[in-house]
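Here is how the chains run, residue by residue.
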Amino acid sequence: MKTAVVGAGMAGVTIARQLAGQGMEVTLFDKSKGTGGRMSSRAWQGGWIDHGAPSFAARTEAFAGYLRAQVPSNVYQPWPARVRGVPNNDELVGYIGVPRNSSITRSLLGAINFQPSTRIAGLEREDNRWLLFNDGETLLGQWDLLVVTAPAPQTLVLVRGIPELEKQVQQAEMEPCWVAAVQLTNPLNEGAEVMIDPAPGLRRIIDNSAKPGRNNNGVYLLQATADWSQEYLEEPPEQVGARLCDLFGQNFSPAQRPQLLFAHRWRYAFTKKSLEKDFLWSQGLQIGICGDWCRGRTVEDAWTSAMALAGKISGES
Ligand SMILES: Cc1cc2nc3c(=O)[nH]c(=O)nc-3n(C[C@H](O)[C@H](O)[C@H](O)COP(=O)(O)OP(=O)(O)OC[C@H]3O[C@@H](n4cnc5c(N)ncnc54)[C@H](O)[C@@H]3O)c2cc1C
């Protein structure tokens, strides 16, 4: 069975791998250059900066066991970071990829046919098959089964006109997050690699250089709060980066001005309101939807959602 999966974050690579393991011919698309989605990392001067999820937890044995079985031990490891403050569930420190967080999705991808830099802009149903079009409106091919794993608002664009899915996807809400990567000549000496609620406007500071393999010194990720990110959502990255540098500098580094490396806007960073379901599936139309926002707002939620949908599909095919 020919299957297309849209989105190569944790949910997308997980379900692509499961379905390929069941003998399906899977093609995985992502609009970005690589895998990882919101677990992405950016190459920076010969090293890596994790500007998406800085780490993630495995709260269930199902997820922890899957990682042990499917991801080589040189590709991910526990991160014994010292945390100051009270983390939410989606901020629990557990594991990181090595030398970058997206090493995990890259490893799970294996030999699956991956089409990067391809935004799926339109779907059509014809003769019981799915036709996918890119943003140049070029037909990419036809598939028997389609899985969409994009964040809710991006999924909504694709399923508009499919009433049974559209209505449900509309129920989910997501919130933004601005992050800035900064560098200090003299690293902080705060006794913690992760600081929660460190200053007004900042939700987290993460010591990127403290993770193994990142190959940089004094690089920190500044993660703004959802409210702050919403307020400056449409400002240019350099301006937002300068603001975040100020917040950081005033509170942590009065003696040295942090150098801004880059700022990145995650327009759909976190789930604000989930569907409280594991996934959405239409047997009649042979289309499934999974991702963190179906059930929660963590990397583990993305994985759990994908595994549940894969189980449903294999039970019905
Ligand atoms: C700054 C930040 C910090 C975070 N911190 C944590 C944390 O500490 N712990 C934790 O557990 N979680 C954290 N998260 C949340 C976590 O990253 C997500 O829950 C998880 O990565 C979601 O995975 P996913 O596969 O469901 O979605 P995504 O990773 O968003 O994957 C969806 C993919 O779909 C692609 N896509 C979208 N539309 C299209 C299209 N039309 N065509 C082709 N491709 C498309 C996107 O490019 C993306 O790669 C954080 C997120 C952010 C942004």
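Everything quoted here is computed from the prediction, not taken from an experiment. (Residues numbered from 1 in each chain as written. Predicted model: local features only at pLDDT ≥ 70, side-chain atom pairs only at ≥ 80, totals over all residues. Heavy atoms only, no water.)

1. Things to note about the domain arrangement of the protein
Next up, step 1: What the domain assignment reports for the protein is domain 1 (2-40 + 102-172 + 274-316) and domain 2 (175-271).
Next up, step 2: Computed from C-alpha atoms alone, the centre-to-centre distance between domain 1 and domain 2 is 31 Å.
Next up, step 3: Listed per partner, the contact involves 11 residues of domain 1 and 6 residues of domain 2.
Next up, step 4: Summing both partners gives a buried area of about 720 Å² for domain 1 against domain 2, and 60% of it is carried by carbon and sulfur.
Next up, step 5: When the buried surface of domain 1 facing domain 2 is broken down by residue, Arg 38, Pro 153 and Arg 297 rank first, second and third, together holding 67% of it. (Domains from an automatic or database assignment. Contact = heavy atoms within 4.5 Å. Buried area = accessible area lost by both parts, 1.4 Å probe.)

2. With respect to the sheet that holds strand β8 (residues 113-115)
Next up, step 1: Strand order across the open sheet formed by 6 strands is β8-β2-β1-β12-β19-β18, with mixed pairing between neighbours. Edge positions in the sheet fall to β8 and β18 (280-282), since each has one partner strand and no second. Direction aside, the axes of adjacent strands within the sheet are offset by 15° on average.
Next up, step 2: Relative to strand β19 (residues 287-289), helix α4 (residues 152-159) is tilted by about 165°, and along the sheet it contacts β1 (2-6), β12 (145-148) and β19.
Next up, step 3: Contacts between helix α9 (residues 299-316) and the sheet are confined to β12, β18 and β19, with β18 contributing the most and set at about 20° to the helix. (Pairing = 2+ DSSP bridges. Helix = DSSP H or I, 4+ residues; strand = E, 2+ residues; numbered from the N terminus. Axes fitted to C-alpha atoms, helices over the stretch in contact; angles between N-to-C directions.)

3. A short note on the pairing of β1
Next up, step 1: Counting buried positions over the 5 residues of β1 gives 4, a clear majority of the element.
Next up, step 2: When β1 meets strand β2 (residues 25-29), the two strands line up parallel, connected through 5 bridges. Within β2, the position partnered with Thr 3 by the bridge is Val 26.
Next up, step 3: In this view, the connection linking β1 to its parallel neighbour β2 by way of helix α1 (residues 10-21) has right-handed handedness.
Next up, step 4: In the sheet, β1 pairs with β12 via 4 bridges, with the strands oriented parallel. Pairing of Thr 3 across the sheet is with Leu 145, part of β12. (Buried < 20%, exposed > 50% of the residue type's maximum accessible area, 1.4 Å probe, protein only. Right-handed = clockwise from strand over helix to strand, strands pointing away.)

4. With respect to unusual backbone geometry
Next up, step 1: Each neighbour pair has its own omega, and for Val 98 with Pro 99 the value is 0°, a cis peptide bond.
Next up, step 2: With respect to the secondary-structure elements, Pro 99 resides in the loop between β7 (95-97) and α3 (103-109).
Next up, step 3: At Ser 117, a residue that is not glycine, the phi angle is positive and equals roughly 50°.
Next up, step 4: By the element assignment, Ser 117 lies in the loop between β8 and β9 (120-126).
Next up, step 5: In this structure, Asn 215 takes a positive phi of about 60° despite not being glycine.

5. Let's talk about the layout of surface pockets
Next up, step 1: Taken as a whole, the second largest pocket holds about 210 Å³ of empty space.
Next up, step 2: Lining the second largest pocket, in full, are Arg 59, Thr 60, Asn 89, Asp 90, Arg 295, Gly 296, Arg 297, Thr 298, Glu 300, Asp 301 and Thr 304.
Next up, step 3: For the lining of the second largest pocket, a count of residues per class yields no nonpolar, 5 polar and 6 charged. (1 Å grid on protein atoms, 1.4 Å probe; cavity = no way out; pocket = protein on both sides within 12 Å on 5 of 7 lines; lining within 4 Å. Points joined across faces, edges and corners; volume = space filled by probe spheres on them. Nonpolar A, V, L, I, M, F, W, Y, C, P; charged D, E, K, R; others polar.)

6. Focus: the packing of aromatic side chains
Next up, step 1: Summed over all chains, the structure comprises 10 aromatic pairs.
Next up, step 2: An angle of 40° between the planes, with centres 6.0 Å apart, marks the rings of Tyr 220 and Phe 248 as tilted. Separated by 28 residues along the polypeptide, Tyr 220 in strand β16 (residues 219-224) and Phe 248 in helix α7 (residues 237-252) bring together distant segments of the chain.
Next up, step 3: Of the residues examined, Phe 248 reaches a relative accessible area of 0% and is grouped as buried.
Next up, step 4: In this structure an aromatic cluster arises from ring pairing among Phe 56, Phe 63, Tyr 66, Tyr 76, Tyr 95 and Trp 303.
Next up, step 5: One cation-aromatic arrangement involves Lys 2 over Trp 143; the distance from NZ or CZ to the ring centre is 5.2 Å.
Next up, step 6: Across the ring face of Phe 262, the terminal group of Arg 42 is positioned such that the distance to the ring centre comes to 3.8 Å. (Phe/Tyr/Trp six-rings, centres within 6.5 Å; stacked < 30°, edge-to-face > 60°. Lys NZ or Arg CZ within 6 Å of the ring centre and 35° of its normal.)

7. Topic: the pairing of β2
Next up, step 1: Burial analysis of β2 places 4 of its 5 residues in the buried class, which makes it a mostly covered element.
Next up, step 2: In this structure, β2 lies alongside β8, joined through 3 bridges in parallel fashion. Bridged to Thr 27 within β8 is Asn 113.

8. Structural notes on the packing of α1 against α9
Next up, step 1: Look at α1 against α9: their axes get within 8 Å of each other, and the N-to-C directions meet at 30°. Taken together, α1 and α9 sit at an angle that is classed as roughly parallel. In terms of crossing hand, the pair formed by α1 and α9 is right-handed. Contacts between α1 and α9 involve Met 10, Ala 11, Thr 14, Ile 15, Gln 18 and Leu 19 on the former and, on the latter, Val 299, Ala 302, Trp 303, Ala 306, Met 307, Leu 309, Ala 310 and Ile 313.
Next up, step 2: The residue inventory of the contact of α1 with α9, partitioned by class, reads 12 nonpolar, 2 polar and no charged. (Parallel < 35°, antiparallel > 145°, perpendicular 65-115°, else oblique. Left-handed = near helix turned anticlockwise from the far one by under 90°.)

9. Examining the site of the ligand
Next up, step 1: Near the ligand there are 39 residues, and of these Ala 11, Asp 30, Arg 38, Asp 90 and Asp 292 occur at the shortest range.
Next up, step 2: Between the ligand and Ala 11 there is a distance of 2.9 Å, counted from an oxygen atom to a backbone nitrogen or oxygen.
Next up, step 3: Within the backbone of Thr 298, an N or O atom sits 3.3 Å from an oxygen atom of the ligand.
Next up, step 4: Burial of the ligand by the protein amounts to 97% of the accessible area it has alone, namely 1000 Å².
Next up, step 5: Within the residue set of the shell around the ligand, elements represented by two or more residues are α1, β17 (259-273) and α9. (Near = heavy atom within 4 Å. Polar contact = N/O pair within 3.5 Å; in protein donor to acceptor, adjacent residues only side chain to side chain. Areas by Shrake-Rupley, 256 points an atom, 1.4 Å probe, with all protein chains shown as cover.)

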